[in-house]
Amino acid sequence: MTAPDKLPDDIAELKAIIRAQQDQNARLESLLAAFKKALFGAKSEKINPDQFELKLEDIETAIAQVEAEVDADERTAPVRPPKPRQTNRGSLPRHLERIEKIIEPETTCTCGAVRHVIGEDVSERLDVTPAQFRVIVTRRPKYACRSCEDGIVQAPAPAHIITGGMPTEATLAHVIVSKYADHLPLYRQAQIYSRQGIDLDRSTLAAWVGKAAFELTPVYEALMADLKQSTKLFMDETPAPVLAPGHKRTKTGYFWALARDDRPWDGDDPPGVAFTYAPGRSGQYADKILDDFSGILQVDGYAGYNRLLRRPNGEVTLAYCWAHARRKLYDVTQSSTAPIAQEGLAHIQALYRIEKEIRGHSPDARYAARQERSKPIIEAFEGWLAQGRARVSAKSPTGEALKYIAKYWGGLCLFLSDGRVELDNNAVERTIRPIALNRKNALFAGHDTGAKNWAMIASLIETCKLNAVEPHGYLSGILNAIAQGHKQADIQDLLPWHYVKAM
């Protein structure tokens, strides 16, 4: 907004500023109404959070357009002191290529003498060249000797993932990352290639992805094995619509996410996540995925995980999620006046404040802080919980929320006795979000094998993100290594956290 002492005197300019401000206010009011609808409206009317990004983009674009109109009007107005030059916030990354352009004045001096450079103004602007495709031409000369008969000498053909095929390993990585990280289905990628005059059928791209997925399978299996060697993991599941052949509809499978993130307690193991596709949500799939795992598993309150507790050796301990407990109470407060639920939220908020302060500390330090500061809160919460359940009907919304907390109380309190345990399983839920976004763009997987490939490749890409590794460079590098005959015994070297090129 223009400061009052800097408003122009011209009436036309003032009207333009007022119109721009009115338009901006109207758009902001519309956005505020949408937020209120999402927060307080009926569940069926709630708006997906991703849609807010689109709304914000449109509003910001419209505001910039209005500001450009005002600037254009000002250029036709009487000359006034120029505005301060707008500068970028931050700076452009150093690794980007710099192309320098030197703009010399038409003449340096009118008297004929040579002027000397006494300084310069330097500005940097971000430029982009649309994706350029190129053809790698490989020539292998054949040599023969006229003086002897040793035969013809020729260098062997380099090995590739797709022998005798069109794509390089970098091209395969580009298709994979575009599909599973940037959420571009193959038919859209085919359209992009077509604009460059490259006619590639979607089925051809699918064949490339299938071949790459086959070659990447040992790396995925090594990732899963590495995660299951840990003693503290997270697990969650999310629906995966899969086309049911012959039924003209989709069936519901599930992606099961197994994640490790020891950064909150300064652990030595790198973060990672491995997705597994299963045709259902039964606890038997979690049990199968976690074969050979023993330790603490942090989950939500889904009853299917109870199957893990029935293992004969009792090697799995379930830690539950305070975020889910909080959500039960929060939903009650949004639908009615619920002072008991509000009191519960205050207790949980106090726990999260402590966790924020001790994040990144060692397990011993976290344990000590929790014993000193969090344990009294939990003890008070337990007494409050018993009193609250006695005051309300068990079938009321508040009673149902309190019943949920009481049911999982032991697993909710496990964080007090182990500094490695988190308050919630948000770490694994964050890794699932890209799966959900890709699901919205691709709608469904074509078949079970496609869903398995999706889970496998998404595991490598999301683990790259967790370790600040650029996915395209990583996949291009390991595909090339595999093509060159990387030893299966050294497959651990191909895991994302061993890849040296960081983002």
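Residues numbered from 1 in each chain as written. Predicted model: local features only at pLDDT ≥ 70, side-chain atom pairs only at ≥ 80, totals over all residues. Heavy atoms only, no water.

## Description of the packing of helix α3 (residues 169–180) against helix α5 (residues 202–228)
- One way to put it is that α3 packs onto α5 with a least axis distance of 10 Å and a crossing angle of 100°. Classified by the angle between their axes, α3 and α5 sit roughly perpendicular to one another. In contact with T171, L172, V175, I176 and Y180 of α3, α5 contributes L205, W208, V209, A212 and L216.
- Of the residues belonging to the contact of α3 with α5, the class tally is 9 nonpolar, 1 polar and no charged. (Axes fitted to C-alpha atoms, helices over the stretch in contact; angles between N-to-C directions. Helix = DSSP H or I, 4+ residues; strand = E, 2+ residues; numbered from the N terminus. Parallel < 35°, antiparallel > 145°, perpendicular 65-115°, else oblique. Contact = heavy atoms within 4.5 Å. Nonpolar A, V, L, I, M, F, W, Y, C, P; charged D, E, K, R; others polar.)

## As for the nonpolar core
- Residues M235, L297, W322 and L475 are the most contacted members of the largest nonpolar core, which totals 109 residues.
- In terms of residues, this core owes the most to one element, α5, which gives 12 residues.
- When residues no more than four places from it in sequence are discounted, the contact partners of M235 are W256, A257, L258, A286, I289, L290, L297, Q298, V299, Y305, N425 and V428. (Core = buried A, V, L, I, M, F, W, Y, C linked by side-chain atoms within 4.5 Å. Buried < 20%, exposed > 50% of the residue type's maximum accessible area, 1.4 Å probe, protein only.)

## Regarding the pattern of salt bridges
- Applying the stated criterion across every chain, the model contains 13 salt bridges.
- Note that R281 is salt-bridged to E237, the shortest N-O span being 2.7 Å. One end of the pair, R281, is in the loop between β5 (272–278) and α6 (283–289); the other, E237, is in strand β3 (residues 232–244), with 44 residues separating them in the sequence.
- Here R281 falls in the partly exposed class, since its relative accessible area comes to 32%.
- With relative accessibility at 9%, the residue E237 sits in the buried group.
- In this structure, R311 and E315 form a salt bridge, with 3.4 Å as the shortest nitrogen-oxygen distance.
- On the accessibility criterion, E315 (28% relative accessible area) is partly exposed.
- Through salt bridges with shared partners, a single ionic network connects D287, R307, R311 and E315. (Salt bridge = Lys/Arg side-chain N within 4 Å of Asp/Glu carboxyl O.)

## Observations concerning the packing of aromatic side chains
- Scanning all chains against the criterion turns up 11 aromatic pairs.
- With a centroid separation of 5.1 Å and 70° between ring planes, the pair formed by F255 and W454 is classed as edge-to-face. Of this pair, F255 sits in strand β4 (residues 249–260) while W454 sits in helix α13 (residues 448–466), placing them 199 residues apart in sequence.
- Members of the aromatic cluster, connected to one another through ring pairs, are W322, F381, W384 and W409. (Phe/Tyr/Trp six-rings, centres within 6.5 Å; stacked < 30°, edge-to-face > 60°.)

## Focus: the packing of α3 against helix α14 (residues 471–483)
- Between α3 and α14, whose axes approach to 8 Å, the crossing angle comes to 135°. The angle between the axes of α3 and α14 places the two elements in the oblique class. By crossing handedness, the relation of α3 to α14 is classed as right-handed. Seen from α3, the contacting residues are E169, A170, L172, A173, H174, I176 and V177; seen from α14, they are P471, H472, L475, S476, L479, N480 and A483.
- Of the residues that constitute the contact of α3 with α14, the class distribution is 9 nonpolar, 4 polar and 1 charged. (Left-handed = near helix turned anticlockwise from the far one by under 90°.)

## Considerations on α14
- Along its 13 residues, α14 runs 18 Å from first to last C-alpha, staying within 8% of the 18 Å computed at 1.5 Å per residue.
- Lining the buried residues of α14 we find α3, α5 and α13.
- The N-cap residue of α14 is E470: its side-chain oxygen and the backbone nitrogen of H472 are 2.8 Å apart.
- G485 occupies a position one or two residues after α14 and carries a positive phi of about 90°. (Expected span 1.5 Å × (residues − 1). Polar contact = N/O pair within 3.5 Å; in protein donor to acceptor, adjacent residues only side chain to side chain.)

## Re the side chain of D261
- Note that D261 resides in the loop between β4 and β5.
- Owing to a relative accessible area of 10%, D261 belongs among the buried residues under this scheme.
- Among all residues touching D261, those that are not within four sequence positions of it are F234, P271 and A427.

## Some thoughts on the side chain of T431
- Relative to the helices and strands, T431 is located in helix α12 (residues 426–442).
- Among the residues examined, T431 registers a relative accessible area of 4% and is labelled buried.
- In this structure the side chain of T431 is engaged in a polar contact, spanning 2.6 Å, whose partner is the backbone oxygen of V428.
- Apart from the residues within four sequence positions on either side, T431 is in contact with A257, V273, F275, E462 and L466.

## Some details on helix α8 (residues 339–358)
- The terminal C-alpha atoms of α8 lie 30 Å apart, and with 20 residues this matches the ideal 28 Å at 1.5 Å per residue to within 8%.
- By the burial criterion, the buried members of α8 are I340, A341, G344, L345, I348, A350, L351, I354, E355 and I358.
- In this structure, the buried side of α8 is in contact with α7 (322–335), α9 (363–391) and α10 (397–407).

## Things to note about the environment of R281
- For R281 and Y254, which are 27 residues apart along the polypeptide, the C-alpha to C-alpha distance reads 6.3 Å.
- Once you skip the residues sitting within four places of it in the chain, R281 turns out to touch E237, Y254, W256 and Y302.
- Side-chain polar atoms of R281 contact the side chain of E237, separated by 2.7 Å.

## Points about unusual backbone geometry
- Phi is positive for H183, which is not a glycine, with a value near 65°.
- Note on placement: H183 falls in the loop between α3 and α4 (186–195).
- With relative accessibility at 10%, the residue H183 sits in the buried group.
- A positive phi angle is found at D292, which is not glycine, with a value near 75°.
- Following the sequence through the fold, D292 ends up in the loop between α6 and β6 (295–298).

## Comments concerning the confidence of the model for the protein
- In the predicted model, the protein carries a mean pLDDT of 83, and 80% of its residues have values of at least 70.
- In this model residues 43–47 is a low-confidence stretch, pLDDT under 50, and it forms 9 contacts with partners more than four residues away in sequence or in other chains. (pLDDT = per-residue confidence, 0-100.)

## Concerning the environment of A365
- Within the secondary structure layout, A365 lies in helix α9.
- The partly exposed category is assigned to A365, whose relative accessible area is 33%.
- With 100 residues separating them in the primary sequence, A365 and W265 have C-alpha atoms 9.0 Å apart.

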